[in-house]
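Coordinate analysis (summary)
Okay, here's what each chain looks like letter by letter:
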Amino acid sequence: MIKINKNLLNVQQVDNFEEVSKRVNEYKINNPNNKLLNLGVGDVSKPIIKEVIDEMNKAINELGNIDTFKGYGYFYGHSFLKKKIIDEYKCFTEEEIYISDGAKTDTTNILELFDKDSLACLFNPSYPVYRDALDIMGIKYEYIDANEFNDFRPLPNKKYDIVYICSPSNPLGIAYDKDYLTKWVKYALKNNCIILYDNVYDSFIRSSNVPKTIYEIEGSKKIAIEFRSYSKKASFTGVRCSYYIIPNELIIKDVNKYWKKRVMTKFNGSDYIAQRGALATYSDKSIIKINKNIDDYLTNARYIKEELEKLNYKVYGGFDSPYLWIKNKNNMSSWNFFDLFLNELNIIVIPGIVFGTNGDNYFRVSALANKSVIYEAIERIKSYEKEN
Ligand SMILES: Cc1ncc(COP(=O)(O)O)c(C=O)c1O
């Protein structure tokens, strides 16, 4: 009899997010006239800027002309985009850069680089996709606690082969500074551990002590693979374009020779139109517009933080990141707090438990929502707190 890959039975994230949707849908059916405000969703609320749309339109027209048509053959990405990425990092060669269709794809597919007997380390809480991808691959993992007691900056006390570090962090909303990341790089060098550095929120970094890339830390090219995406930076959540760097210096011998085989076997390259759109994000005009959009999200984050702190909520994150990690009041569990916000305030947040057991007393709010939605939500929370 045909047998299913039993590793798929462990995947939990879908169940958790389906539970959120189920509760929201039930609420909507029972209360069709109540307006729900969504502070949970990690999607952007601003459209793609005109400069990028114009470039994508040009690319579409080129595809309609046989002289400028582009087809197969660009498995690892187009040179025009890789050159911009090299300019930004001021190092690396095209061979070390892979253009792809999203950091979710990349941070999970990369596990195929490693032996199944590897031991991975995950922060608890963390982006749940890492855990599920490890489960699907059948790679074992252990958690290290990120909590208030260690300022959400855990360090390992044993040897791991792989660690996922997300900074600016989803869900914690914290961007890790140079000192903390240096400790991880030293650990990785000493223990032959590869850091999978998920840097998809890099465009939100404003603090000078927070590295824009892990490669600012000495020695990191030997042990770190960095992932970035145009999703949040340029509202590409629907367009799909990302990239990652595998340095030739990595401690895995001939790493790019082998990884190229993996890519060419399973991927025919990222969408040409999306890559042309990504190219347009590097023009001076685009940079100004994109930074303004990100600043608006950061202003939302600051506003949420300030207002909730006035109401005696304990709020973490919200600097250099669109996320806020907020402690539930009265020690309530995640799902109870989620229900309270849904039923009493008609506001959707993400229950912290979705990101790991250490999230059970927390909820995640996203500042990527529209300013008007955020202001209305804060007013609702203020009146609720006044009455209760
Ligand atoms: C930490 C983290 N990594 C990766 C992703 C996926 O990004 P992409 O849209 O590039 O697949 C997200 C999306 O929310 C994320 O929060």
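Counting of residues starts from 1 at the beginning of each chain's written sequence and follows it residue by residue. In view of the model being predicted, local features appear only for residues whose pLDDT reaches at least 70, and side-chain atom pairs are presented and counted only at 80 or more, with totals across whole chains, interfaces and linings using the full set of residues. By convention in this description, side-chain values take in all heavy atoms of the structure and omit both hydrogens and water.

1. Considerations on the sheet that holds strand β13 (residues 362-366)
- Any two strands are treated as partners once DSSP identifies two or more bridges connecting them. Here a helix means four or more residues in a row that DSSP labels H or I, a strand means two or more in a row labelled E, and each is numbered from the N terminus. Strand order in the open sheet formed by four strands is β9-β10-β13-β12, and the pairing between neighbours is antiparallel. What marks the edges here is a single partner per strand, and that holds for β9 (315-317) and β12 (350-351).
- Taken together, the three bridges between β9 and strand β10 (residues 323-327) define a ladder with antiparallel strand orientation. Paired with V315 across the strands is I326, a residue of β10.

2. A short note on helix α2 (residues 50-63)
- Relative to the 20 Å expected for 14 residues at 1.5 Å per residue, α2 spans 20 Å between its end C-alpha atoms, a close match to the ideal helical length.
- Buried residues are those whose accessible area, probed at 1.4 Å on protein chains only, stays under 20% of the maximum for their type, while exposed residues exceed 50% and partly exposed ones sit between those limits. Here α2 has its buried residues at E51, V52, E55, M56 and A59. In a view along the axis of α2, the buried residues occupy a sector of 130°, so they form one face of it. In α2, the exposed positions angled more than 90 degrees off the buried face are occupied by K50 and N61.
- Pairs of residues are marked as contacts when any of their non-hydrogen atoms sit within 4.5 Å. Of the surrounding secondary structure, the elements contacted by the buried residues of α2 are α8 (272-280) and α9 (284-310). Working rule for helices: expected span equals 1.5 Å times residues minus one. Directions pointing from the helix axis toward each C-beta atom define the arc.

3. Digging into the pattern of salt bridges
- Definition used for salt bridges: Asp or Glu carboxyl oxygen within 4 Å of a side-chain nitrogen of Lys or Arg. Counted under the stated rule, the structure contains 31 salt bridges.
- A salt bridge links K22 to E19; the shortest N-O distance between them is 3.8 Å. Residue K22 and its partner E19 are both found in helix α1 (residues 13-30); the two are separated by three residues, about one turn of the helix.
- Residues joined by salt bridges that share partners form a network here, namely E19, K22, R23 and D339.

4. Remarks on the domain arrangement of the protein chain
- For the purposes of this description, domain bounds are those given by an automatic or database domain assignment. Here the protein chain is partitioned into domain 1 (6-48 + 285-387) and domain 2 (73-281).
- One C-alpha centre belongs to domain 1, the other to domain 2, and the line joining them spans 25 Å.
- Buried area: the sum, over both parts, of the accessible surface (1.4 Å probe) that disappears when the two are put together. Of all residues in domain 1, D320, F355 and N358 bury the most surface against domain 2, accounting for 21% of the area lost on that side.
- Run the count over domain 1 and domain 2 and you get three salt bridges.
- Linking K314 and E148 is a salt bridge whose minimum nitrogen-to-oxygen distance equals 3.2 Å.
- The term polar contact refers here to a pair of N or O atoms within 3.5 Å; inside protein, the definition further demands a hydrogen-donor-capable atom paired with an acceptor-capable atom, and it admits residues adjacent in sequence only when both atoms are side-chain atoms. At the junction of domain 1 with domain 2, the criterion picks out 19 residue pairs in polar contact (both at pLDDT 80 or more).
- Secondary structure elements with two or more residues in the side of domain 1 that touches domain 2: α1, α9, β9, β10 and β13.
- Residues belonging to the side of domain 1 that touches domain 2 are distributed by class as follows: 20 nonpolar, 13 polar and seven charged. Three residue categories are used. Nonpolar comprises Ala, Val, Leu, Ile, Met, Phe, Trp, Tyr, Cys and Pro, charged comprises Asp, Glu, Lys and Arg, and polar comprises the others, including Gly.

5. Here's the deal with the pairing of strand β6 (residues 194-198)
- Counting buried residues in β6 gives five out of five residues, a clear majority hidden from the surface.
- Of the pairings in the sheet, the one linking strand β5 (residues 162-166) to β6 comprises five bridges and is parallel in character. What sits directly across from Y164, in β6, is L196.
- Each parallel crossover has a hand, and for β5 linked through helix α6 (residues 178-191) to β6 it is right-handed. For a crossover, the right-handed case is the one in which the path from the first strand over the helix to the second runs clockwise, viewed with the strands pointing away from the viewer.

6. Considerations on the site of the ligand
- It suffices for a single heavy atom of a residue to lie within 4 Å of a molecule or strand for the residue to be listed as near it. Contacts to the ligand come from 14 residues, most closely from D198, Y201, S229, S231 and R240.
- For the ligand, an oxygen atom lies 2.7 Å from a polar atom in the side chain of R240.
- For every accessible area listed, the method is Shrake-Rupley and the probe measures 1.4 Å; residues are considered covered only by the protein chains on display. When the ligand is considered free in solution it has 400 Å² of accessible area, and contact with the protein chains removes 91% of it.
- Both cavities and pockets are sets of points on a 1 Å grid over the protein atoms alone; in a cavity a 1.4 Å probe fits but cannot get out, in a pocket the set is open with protein on both sides within 12 Å along at least five of seven lines, and lining residues sit with an atom within 4 Å of a point. Whether a molecule lies in a cavity or pocket depends on its atoms, and more than half of them have to be within 2 Å of the grid points. Its atoms largely coinciding with the cavity grid, the ligand occupies the largest pocket.
- By residue class, the composition of the shell around the ligand is six nonpolar, four polar and four charged.

7. Topic: α9
- The end-to-end C-alpha distance of α9 is 39 Å, a good match for the 39 Å that 27 residues give at a rise of 1.5 Å each.
- Immediately downstream of α9, the backbone of N312 shows phi near 65°, a positive value.

8. Here we look at the nonpolar core
- Here, nonpolar core means buried Ala, Val, Leu, Ile, Met, Phe, Trp, Tyr and Cys residues that are tied together by side-chain atoms lying within 4.5 Å of each other. I85, I165, W184, I195, Y230 and Y243 are the most contacted members of the largest nonpolar core, which has 63 residues in total.
- Each of domain 1 (6-48 + 285-387) and domain 2 (73-281) contributes no fewer than three residues to this core.
- The contacts of W184, once residues within four sequence positions are left out, are C121, F123, I144, P154, L155, P156, V163, I165 and I195.
- Within the second largest apolar cluster, 33 residues are counted, among which are V24, Y303, L308 and F337.

9. Some remarks on the sheet that holds strand β3 (residues 119-124)
- Pairing in this open sheet of seven strands is mixed, and the strands run β2-β8-β7-β6-β5-β3-β4 from one edge to the other. In this open sheet, the two strands that pair with only one neighbour each are β2 (97-100) and β4 (140-145). This sheet shows a mean twist of 20° between the axes of neighbouring strands, independent of strand direction.
- What counts as an axis is a line fitted to C-alpha atoms, over the stretch in contact for a helix, and the angles between N-to-C directions run from 0 to 180 degrees. Contacts between α6 and the sheet are confined to β3, β4, β5 and β6, with β6 contributing the most and set at about 150° to the helix.

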